[in-house]
Amino acid sequence: MSLEVKVRAKRIKELVVKRYFNAVTRTRTMLFIGPPGTGKSASVQEAAGEIAERLGREFVEYDELRFDEIVENPEKYFVFCDFRMTECEPSDLLGIPRDHPKHFVTAYKPLGWAFALSRCPGLLFLDELPNVARDDVFAAAYKIVYDRRAGFVRFHDGVMIVSAGNPPEYSSIARDLPDPLKDRCFILYVDIPTLEEWQEWMNGKYGTEGWDFRVFGYLKKCPSDFFAYPKNYTGREKFPTPRAWTRVATELPLAENEAEMTEIAVGWLGEEYGLKFATFLRKEVPEPEKLLKNPGLWDKLDLDQKYAAAALVAQYLQRQVKEKGRRADLVTREAKNFFAHVARNDTRDHVILLLVMIPDDQVKITIASRLAAQIPEIKETIRELLQLRAKYGV
C-alpha cells in the first residue's frame, strides 16, 4: 500500500523555520514540489522573515543597490535572496571568469549576491528549479546544493538553501530531477491549502478590510473552483489557483463598477471561471448591518446571495470584536435576532455556514456559545458545530 505524504503552505513555513534553527538540518537543502499558485514561494519568504525576527536581525531582500550597506554591516542583516532559476545563466550562479590581478591565471569573480551570503546569514531560495531546461544551469545549481558554494565562494554557516517548483504534471516545461540531486535534497510534496487556511492567511496578511469577503463566500459554495487545473491543459488558458483568488480578492475593493469587477475576475481566473464568479458578484446583497436589523431580508435572497451575505455578516462580526474592540456579548446581542430568524425560517446548514465563515477561532467559539445559550432552536446545531471543529478544525 502506497502512502503519499503532503504538506500545505502553513506547514512549509513551520518546517523551514524549525530546520533552520537546528545546526544539522540548516545545511541540508529543502525542496518543495507542488501545483502552481499554492503558496510555496510566499511561505518560504514568510519563513525567512520569521527567522530574521528570531535572530534579532533586519530582514532584507537582496538588492544590488543595497550591496555596500549589506556587506559593510554583516552583523545587522538576514539576507533573503530569491532566484528564479528559469531566468538564470550559469554565470549568474558561478560568477564571472576574470584575469587574476597578480598571477597569470583566471579566477571566478563572485557576484554580489554570493558575496553577501558569504558574509551574512540568510536564505537562498532557488525557485522553479524543476522548470530549468538548460543542463548547464542545472550543473551550476548542483554545486550550490552539493557544496553550499557559488563558484568558489562558500556561504556563511547561517545560510539555508530552499528550493521549490512544479512537478511535470502541472508544468509543460518541468522535468524530473536527476537522482543524485534528489538524493541530496529534503523533498516534500505540497498540497492545495484548505479554504479555511487560505482565509486565515488572507486575514493575517491583509486584515479583514483589505480584501473582499464575497470571494470566500463564493468559494464555500463552489469549493472545486479554488484550484481548477484543466484536464486537457494546453498551456494557453488561465485557471483558478489560490494565488489567483488572492489577486482577485485584494483587487475587487478597487473596482468602481461591474465592468471593472468582471475584468478583474476574468483577468486572473480566465474566462470560464471569471465570468461565473462575475455573475455571482452582480447579485446585490444587503449590507450586513441591514441584515442584522431586518432579518426578513434574508428570506428574499437566492442561494448565491446567501453565500455572499453569510461572508459579509461573518466579516462584520469579526471586525466588530477584533478590530473595533466591541465586547462579544454586545455583538452577540446585535446578531441574536438575525440568527434566530435564520434558524426558524431556513436550514440548519445556513446557521452553520454563518458561523463557520467567522475567521478567528476565538471569536467564532465565543459568539457561537453565546448564541446557543440564548436561542434554543440552534443549541443542538452549535453543539454539533463545536464538536466538528474540535475533531476536524472547521
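Look up a bit, the structure's there.
Summary of the structure given here. (Residues numbered from 1 in each chain as written. Predicted model: local features only at pLDDT ≥ 70, side-chain atom pairs only at ≥ 80, totals over all residues. Heavy atoms only, no water.)

Below, the discussion takes up the packing of aromatic side chains. With the rule as written, the count across this model stands at 24 aromatic pairs. Taking 6.1 Å as the distance between ring centres and 45° as the angle between the ring planes, the aromatic pair formed by Phe-67 and Phe-115 counts as tilted. A residue pair is termed long-range when its members are at least 10 positions apart, and Phe-67 in helix 3 (residues 67-72) and Phe-115 in helix 5 (residues 112-119) qualify at 48 residues. Within the aromatic cluster, the residues linked to one another by ring pairs are Tyr-170, Phe-227, Tyr-229 and Phe-239. (Phe/Tyr/Trp six-rings, centres within 6.5 Å; stacked < 30°, edge-to-face > 60°. Helix = DSSP H or I, 4+ residues; strand = E, 2+ residues; numbered from the N terminus.)

Attention shifts here to unusual backbone geometry. Here Glu-128, not a glycine, exhibits a phi torsion of approximately 65°, which is positive. Tracing the chain through its elements places Glu-128 in the loop between strand 7 (122-127) and helix 6 (135-147). At Arg-148, a residue that is not glycine, the phi angle is positive and equals roughly 55°.

Another point: the pairing of strand 6 (residues 106-109). In the sheet, strand 5 (residues 96-99) pairs with strand 6 via 4 bridges, with the strands oriented antiparallel. Note on strand 6: the bridge partner recorded for Ile-96 is Lys-109. Hairpin connection, strand 5 to strand 6: the antiparallel pair is bridged by 6 residues. (Pairing = 2+ DSSP bridges.)

The subject of this paragraph is the packing of helix 8 (residues 195-206) against helix 9 (residues 214-221). Where helix 8 meets helix 9, the axes come as close as 11 Å, and the angle between the chain directions of the two elements is 175°. Looking at the two axes, helix 8 sits roughly antiparallel to helix 9. Here helix 8 contributes Leu-195, Glu-196, Trp-198 and Gln-199 to the contact with helix 9, which in turn contributes Val-215, Phe-216, Leu-219 and Lys-220. Considering only residue class, the contact of helix 8 with helix 9 consists of 5 nonpolar, 1 polar and 2 charged. (Axes fitted to C-alpha atoms, helices over the stretch in contact; angles between N-to-C directions. Parallel < 35°, antiparallel > 145°, perpendicular 65-115°, else oblique. Contact = heavy atoms within 4.5 Å. Nonpolar A, V, L, I, M, F, W, Y, C, P; charged D, E, K, R; others polar.)

Counted under the stated rule, the structure contains 24 salt bridges. Measuring nitrogen to oxygen at the nearest pair gives 3.1 Å for the salt bridge that ties Asp-135 to Arg-175. On the criterion of sequence distance, the pair formed by Asp-135 in helix 6 and Arg-175 in the loop between strand 10 (159-165) and helix 7 (179-183) is long-range, its members being 40 residues apart. What emerges from the salt-bridge pattern is a single network uniting Lys-221, Lys-283, Asp-302 and Asp-304. (Salt bridge = Lys/Arg side-chain N within 4 Å of Asp/Glu carboxyl O.)

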